[in-house]
Amino acid sequence: MNKNNITLIGMPGAGKSSVGVVLAKVLGYRFLDSDLEIQEQTGKLLYELIHDYGDDGFLEIENRINAGLQAERSVIATGGSAVYGKEAMEHFREISKVVYLRLPYEKLETRLGDLHRRGVVLKPGQTLRDLLKVRSPLYEKYAHIIVDEGELDICGIVGEITSALKSAE
């Protein structure tokens, strides 16, 4: 299958949607936000889905919808928990180059507000640091490309991604 899409993965607050919109404009691609697709297909906000179906139920819905996404020449921004869905991540790896936007904990902490209101899947008592520790190996496992955001702004991140994509050709 042709990998003419780019899928952005990473923690909530890493800038997947913001970077994705700019990257899509630079490349002349469509932009697709998988969280918005989930909300559109279910008719509910993410935190409502988590409330109604629990974390596991939400993750099943997310995995099913992501695994069925069809896109051509698109930048796909995923929810941070997308990496829990094996079928979805295998699908993204088949149809796209998967790019992990890696942001240090300290920056994530300052960017994020109320995690529950944001629709972040957290187990009882789990902290943002715990979540990063669990998810980082999954992001690294599924990524074709890892971009360390560090002190970069959106334009710098987009530049890093486009350079890495050219190098990977």
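Residues numbered from 1 in each chain as written. Predicted model: local features only at pLDDT ≥ 70, side-chain atom pairs only at ≥ 80, totals over all residues. Heavy atoms only, no water.

Participant: Run through the packing of aromatic side chains, naming residues and quoting values.
Facilitator: Following the criterion strictly, the structure yields one aromatic pair and no others. Ring geometry for Tyr100 and Tyr139: centres 5.0 Å apart, planes at 35°, overall tilted. Pair noted here: Tyr100 is in strand β4 (residues 96–102) and Tyr139 is in helix α6 (residues 128–142), with a separation of 39 residues, a long-range link. On the basis of relative accessible area, Tyr100 is assigned to the buried category, the value being 2%. (Phe/Tyr/Trp six-rings, centres within 6.5 Å; stacked < 30°, edge-to-face > 60°. Helix = DSSP H or I, 4+ residues; strand = E, 2+ residues; numbered from the N terminus. Buried < 20%, exposed > 50% of the residue type's maximum accessible area, 1.4 Å probe, protein only.)

Participant: Residue-level account of the nonpolar core, with values.
Facilitator: One broad trend across soluble globular proteins is that nonpolar side chains are buried collectively. In this structure, Ile9, Met11, Ile76, Met89 and Phe92 are the most contacted members of the largest nonpolar core, which totals 26 residues. Within the residue set of this core, elements represented by two or more residues are α4 (86–95), β4, α5 (105–111) and α6. Of the residues forming this core, the biggest block, five residues, is contributed by α6. Residues in contact with Phe92, not counting those within four places in the same chain, are Thr7, Asn66, Leu69, Ile76, Thr78 and Val98. Formed by 15 residues, the second largest nonpolar core is a distinct cluster that contains Ile6, Leu23, Ile145 and Val147. (Core = buried A, V, L, I, M, F, W, Y, C linked by side-chain atoms within 4.5 Å. Contact = heavy atoms within 4.5 Å.)

Participant: Let's hear about the packing of helix α2 (residues 34–42) against helix α3 (residues 46–67): which residues, and what values?
Facilitator: In contact at an axis separation of 11 Å, α2 and α3 are set at 110° when each is read in the N-to-C sense. Put simply, α2 runs roughly perpendicular to α3. Residues Ser34, Asp35, Glu37, Ile38, Gln39, Gln41 and Thr42 of α2 touch α3, and the partners they reach there are Leu46, Leu49, Ile61, Glu62, Ile65 and Asn66. Along the lines of polarity and charge, the residues of the contact of α2 with α3 split into five nonpolar, five polar and three charged. (Axes fitted to C-alpha atoms, helices over the stretch in contact; angles between N-to-C directions. Parallel < 35°, antiparallel > 145°, perpendicular 65-115°, else oblique. Nonpolar A, V, L, I, M, F, W, Y, C, P; charged D, E, K, R; others polar.)

Participant: Let's hear about the environment of Leu8: which residues, and what values?
Facilitator: Mapped onto the secondary structure, Leu8 falls in strand β1 (residues 5–9). Using a relative accessible area of 0% as the deciding quantity, one classes Leu8 as buried. Taking the C-alpha atoms as reference points, Leu8 and Ala77, 69 residues apart in sequence, are found 4.9 Å from one another. The residues contacting Leu8, other than those within four sequence positions of it, are Lys16, Val19, Gly20, Leu23, Val75, Ile76, Ala77, Thr78, Val99, Leu101 and Ile161.

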